[in-house]
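# Coordinate inspection notes
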Amino acid sequence: MADATRTTATAEPPATTDPAQDAVPVRRPALSPSRASDFKQCPLLYRFRAVDRLPEVPTKAQVRGTLVHSVLERLFALPREQRLPERAKELLEPVWTELASDCPEWTDLFEGDDDGEVESWLRSAGELVDAYFGLEDPRRLEPEACELHVETELSSGVLLRGYIDRLDVAPTGEIRVVDYKTGAAPRQIGEAKAMFQMKFYAVVLWRLRGVVPRQLKLMYLTDGQALAYTPDEAELVRFERTLEAIWQAILKAGRTGDFRPNPSKLCGWCSHQARCPSFGGTPPEYPGWPEPDPGEESVLDRAD
Ligand code: SF4
């Protein structure tokens, strides 16, 4: 996959126009891998995130994931010979300053901490960067795109949308989808979810480019391991049907407001236990189906 030409950076999401709103750009409701995965795990979790849009306080590990993803994106913007571990780690502090200025609420996570805490958090981000270099040499790669926005409509009318961490395209046209995993959750718990996300991207790319990706590669930076998978067309056809069924189930629940809790061991990572009937809570009154866009992914979704 080396030596492909870098042609695209992040693409801007397209917008449609609703004439009833004086040409204000409106994005159609779409399915993203994070929200599809939420609905599969627990319809009520989907509702809290996509319909009620309840705020969630990120953890330091999530913000560190965003930081490391941004650093790796910047790394590939450097000339090849500069893509070295020390240079990548030099990017951590300035990129964190930028993120903190874009999302000042993230700095609240460190309120009351002394400088040593922030330094040790940055050092732990540096360890993830080192783990990345243990898996591959970025000087030998020229990705086609990093943090690539992709969107496609299936023949059934379901709109799929998401962000791909990195897309490598070989001179022969073979596509590799790469996703960096930096989350603190045990790998076994996240693996099925991660593979669901990768197949989602494989379907989108297959429909956009007419080529089934040759490889879906997950790079786990917390334990320095990689997992590669080769999808086939029949599997993607089946997966497309699964996505269509999930979207129909979401629309049905959206019409009725019937989003049921589905407790599992993943509840330990849910920020909404206090409002969940499975934990003795009461959800807020159903606000109705959001238009136009319940499929949006947050920057934290993109850096799990
Ligand atoms: S606590 Fe569990 S069951 Fe309740 S909303 Fe969260 S994920 Fe769903």
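Above: the structure in question.
Here goes a summary of the coordinates provided. Fair warning: this is a prediction, and the values are worked out from it, not measured in the lab.

Here we come to the overall build of the chain. A count of helices and strands for the chain gives 8 helices and 7 strands. Looking at the chain as a whole, 35% of its 304 residues qualify as buried. Sequence-distant contacts in the chain: of pairs separated by 6 or more residues, those separated by 24 or more amount to 72%.

Our focus in this paragraph is the pairing of strand β3 (residues 145–153). As defined by bridge partners, β3 adjoins strand β4 (residues 159–169) across 8 bridges and the pair is classed as antiparallel. Each bridged residue has a counterpart across the sheet, and for A145 the counterpart in β4 is L167. Where β3 folds back onto β4 in an antiparallel hairpin, the turn is made up of 5 residues, including G157, whose phi is positive at roughly 95°.

Let's shift gears to the site of the ligand. Taken together, 14 residues sit near the ligand, with C42, P261, C267, C270 and C276 positioned nearest. Its residues assigned to classes, the shell around the ligand comprises 10 nonpolar, 4 polar and no charged.

This part takes up unusual backbone geometry. Across the chain, the bulk of peptide bonds are trans and the bulk of non-glycine residues have phi less than zero. The phi torsion at R53 lies on the positive side, around 55°, for a residue other than glycine. Of note, R53 is situated in the loop between α2 (43–51) and α3 (60–75).

Attention shifts here to the packing of helix α5 (residues 92–102) against helix α6 (residues 115–135). At their nearest, the axes of α5 and α6 sit 11 Å apart, and the two run at 115° to each other. Between α5 and α6 lies a crossing of right-handed hand. Here α5 contributes L92, E93 and W96 to the contact with α6, which in turn contributes L122, A125 and G126. Looking at side-chain class alone, the contact of α5 with α6 contains 4 nonpolar, 1 polar and 1 charged residues.

So, how was this worked out
- Every chain is numbered independently, its residues counted from 1 as its sequence is written.
- In keeping with the predicted nature of the model, local features appear solely for residues at pLDDT of at least 70, side-chain atom pairs appear and are counted solely at 80 or more, and the whole-chain, interface and lining totals rest on all residues.
- A run of DSSP states H or I qualifies as a helix once it reaches four residues; a run of E qualifies as a strand once it reaches two. Both are numbered from the N-terminal end.
- Exposure in this text rests on C-beta crowding, where 20 or more other C-beta atoms within 10 Å of a residue's own make it buried, 12 or fewer make it exposed, and counts in between make it partly exposed. The C-beta atoms are placed from the backbone.
- Remark: residues whose backbone-derived C-beta atoms lie within 7 Å of one another are considered to be in contact.
- DSSP bridges decide pairing: two strands pair if at least two such bridges lie between them.
- Any residue whose C-beta atom, as placed from the backbone, lies within 6 Å of a molecule or strand is termed near it.
- Each residue gets one of three labels, nonpolar for Ala, Val, Leu, Ile, Met, Phe, Trp, Tyr, Cys and Pro, charged for Asp, Glu, Lys and Arg, and polar for the others, Gly among them.
- With axes taken as lines fitted to C-alpha atoms, and helix axes fitted only over the stretch in contact, angles between N-to-C directions fall between 0 and 180 degrees.
- Crossings are sorted by hand: turned counterclockwise from the far helix by less than a right angle, the near helix makes the crossing left-handed, and turned clockwise it makes it right-handed.

Don't take any of this as a statement about function, it's just geometry.
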